[in-house]
Amino acid sequence: MNPILPPFPQTRLRRMRRSQALRDLAQEHRLSVKDMIWPIFITDVPGADVEVPSMPGVFRRTLEGAVKAAEEAATLGIPAICLFPYTDPAVKTEACEEAWNPDNITNRVIRAIKAAVPEIAIMTDIALDPYNANGHDGLVRDGVILNDETVECLVKMALAQAEAGADILGPSDMMDGRIAAMRAALEDAGHSEVTILSYAAKYASGFYGPFRDAVGASGALKGDKKTYQMNPGNSDEAIRLVARDLAEGADMVMVKPGMPYLDICRRVKDQFGVPTYAYQVSGEYAMMMAAVNNGWLDHDKVMLESLMSFRRAGCDGVLTYFAPAAARLLAQG
Ligand SMILES: NCc1[nH]cc(CCC(=O)O)c1CC(=O)O
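The rules behind each value
- Residues numbered from 1 in each chain as written.
- Predicted model: local features only at pLDDT ≥ 70, side-chain atom pairs only at ≥ 80, totals over all residues.
- Heavy atoms only, no water.
- UniProt positions renumbered as here; feature names shortened; annotations may be inferred.
- Buried < 20%, exposed > 50% of the residue type's maximum accessible area, 1.4 Å probe, protein only.
- Helix = DSSP H or I, 4+ residues; strand = E, 2+ residues; numbered from the N terminus.
- Arc of directions from axis to C-beta.
- Contact = heavy atoms within 4.5 Å.
- Pairing = 2+ DSSP bridges.
- Near = heavy atom within 4 Å.
- Polar contact = N/O pair within 3.5 Å; in protein donor to acceptor, adjacent residues only side chain to side chain.
- Areas by Shrake-Rupley, 256 points an atom, 1.4 Å probe, with all protein chains shown as cover.
- Nonpolar A, V, L, I, M, F, W, Y, C, P; charged D, E, K, R; others polar.
- pLDDT = per-residue confidence, 0-100.
- Salt bridge = Lys/Arg side-chain N within 4 Å of Asp/Glu carboxyl O.

Per an unreviewed UniProt entry, the recorded name for the protein is Delta-aminolevulinic acid dehydratase, and the organism is Thioclava atlantica. The UniProt entry for the protein carries the following text under Sequence similarities (unreviewed entry): "Belongs to the ALAD family." Regarding the protein, the relevant UniProt record gives this comment under Subunit (unreviewed entry): "Homooctamer."

Put into structure tokens, the structure is as follows:
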């Protein structure tokens, strides 16, 4: 862009900011509830359906609660919800078999929501951490995260979710080769219509802490995820990962976390022009809510301003725990 900018006083950039009407006319980006995916936490563990302490206003939900959330999303115009399970420590094993159990909490919730609110798109999470005794996204042997064996598990998990009726599969595991393996298995099983939103550029981030509380993985996790999630010091590598996942059959790609990685969102959108999403993760939500609850920040202002940053960075949409609150506020106009 090479703007024509005559000198002052021909140019007075404040002219277009003088009134709300002129500001509206000059506004480049807008927020829409249609660009939001609402992540929710689900559980069948008795007594676990409570507020997540590090995520004020976010509750784990039972199957019935999840159906209610889907109804709420439909009423508010939110097109999709994303399911994350909080699991009983008793079902977590080293082999993670519960991950592809057709009757695990995620798959039961998918079927219940599809029956009750068919118009809502259901996104899932594909990674072994909620089912893994050691809290990692992949199988672990002698302290090493196994790639190829994990991919076989992820494929089984993907097929079980597709079978249950998931619309969007979200592999968040960062193993190599999983998109190609899932796409081939989906085609073979007759699930050619199922979309994949790849967590392509997922960083090894400190901002996932509250999420790990929400899904009950904090206590289990041994070590860190740096051998599979990205180094925050890298940017070109994100481009290679996105190119790789698109070539393997991803329909959409994600950058995660969101606010600290807006530069990556912009690079991905400019370079590939594909549906690009950011995940405004649990820690981003938690830090804003902590300041809000201290009276230090204004909830509505920082919520909308933070969501606008993703639009400006080129994202087509965002996964955000603020989705219902933002939808309500946007509906007021
Ligand atoms: N597969 C794990 C997964 N899927 C989504 C999130 C984080 C989401 C958030 O923080 O809101 C994580 C956490 C992690 O990688 O440890």
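Another aspect to go through is helix 5 (residues 178-188). Among all positions of helix 5, only Arg178, Ile179, Met182, Arg183, Ala185 and Leu186 are buried. Relative to the axis of helix 5, the buried residues are bounded by an arc of 165° and lie together on one face. Contacts made by the buried residues of helix 5 are with strand 4 (121-126), helix 4 (148-164), strand 7 (168-171), strand 8 (195-202) and helix 7 (236-248). One or two steps after helix 5, the chain reaches Gly190, where phi turns positive at roughly 85°.

Extensive coverage of strand 1 (residues 36-43) is indicated by the burial of 8 of its 8 residues. Relative to strand 3 (residues 80-86), strand 1 is paired through 7 bridges, and the arrangement is parallel. Paired with Pro39 across the two strands is Cys82, which belongs to strand 3.

The next point concerns the side chain of His191. In this structure, His191 sits in the loop between helix 5 and strand 8. We classify His191 as buried; its relative accessible area is 11%. Among all residues touching His191, those that are not within four sequence positions of it are Ala162, Glu163 and Leu186.

As a matter of local geometry, the ligand sits amid 18 residues, with Lys202, Arg212, Lys256, Ser282 and Tyr321 nearest to it. At a separation of 2.7 Å, an oxygen atom of the ligand approaches a polar side-chain atom of Lys202. Between Gln229 and the ligand, the recorded distance is 2.8 Å, taken from a side-chain N or O atom to an oxygen atom. Surface burial for the ligand is 100%, taken as the share of its 400 Å² of free accessible area covered by protein chains. Partitioning the shell around the ligand into residue classes produces 8 nonpolar, 3 polar and 7 charged.

Here the focus is the UniProt feature "active site" (unreviewed entry) in the protein. Those residues carrying the UniProt feature "active site" (unreviewed entry) are Lys202 and Lys256 in this numbering. Spatial clustering of the annotated residues is evident: they stretch over 55 residues in sequence, but the largest pairwise C-alpha distance comes to 4.8 Å. Tracing the sequence through the fold places Lys202 in strand 8. Residue contacts for Lys202: discarding those within four places in its chain leaves Asp137, Ser172, Met174, Tyr208, Gln229, Met230 and Lys256. Within the local environment of Lys202, its side chain forms a polar contact with the backbone oxygen of Ser172, the two atoms lying 3.0 Å apart. With residues near it in sequence (within four places) discarded, Lys256 still touches Tyr199, Ala201, Lys202, Tyr203, Tyr208, Tyr279 and Val281.

Chain-level pLDDT for the protein is 97 on average; 100% of the residues reach the 70-or-more range. Predicted complex, confidence summary: ipTM 0.98, pTM 0.97.

Overall, the coordinates contain 17 salt bridges when judged by the stated rule. In this structure, Asp173 and Arg178 form a salt bridge, with 3.1 Å as the shortest nitrogen-oxygen distance. Judged on exposure class, the residue Asp173 and its partner Arg178 are both buried. Across the pair Arg244 and Asp176 runs a salt bridge, and its minimum N-O distance is 2.8 Å. In this pair, Arg244 sits in helix 7 while Asp176 sits in the loop between strand 7 and helix 5, placing the two residues 68 residues apart along the sequence. Using a relative accessible area of 47% as the deciding quantity, one classes Asp176 as partly exposed. Each of Asp173, Asp176, Arg178, Arg244, Asp245 and Glu248 takes part in one network of salt bridges that share partners.

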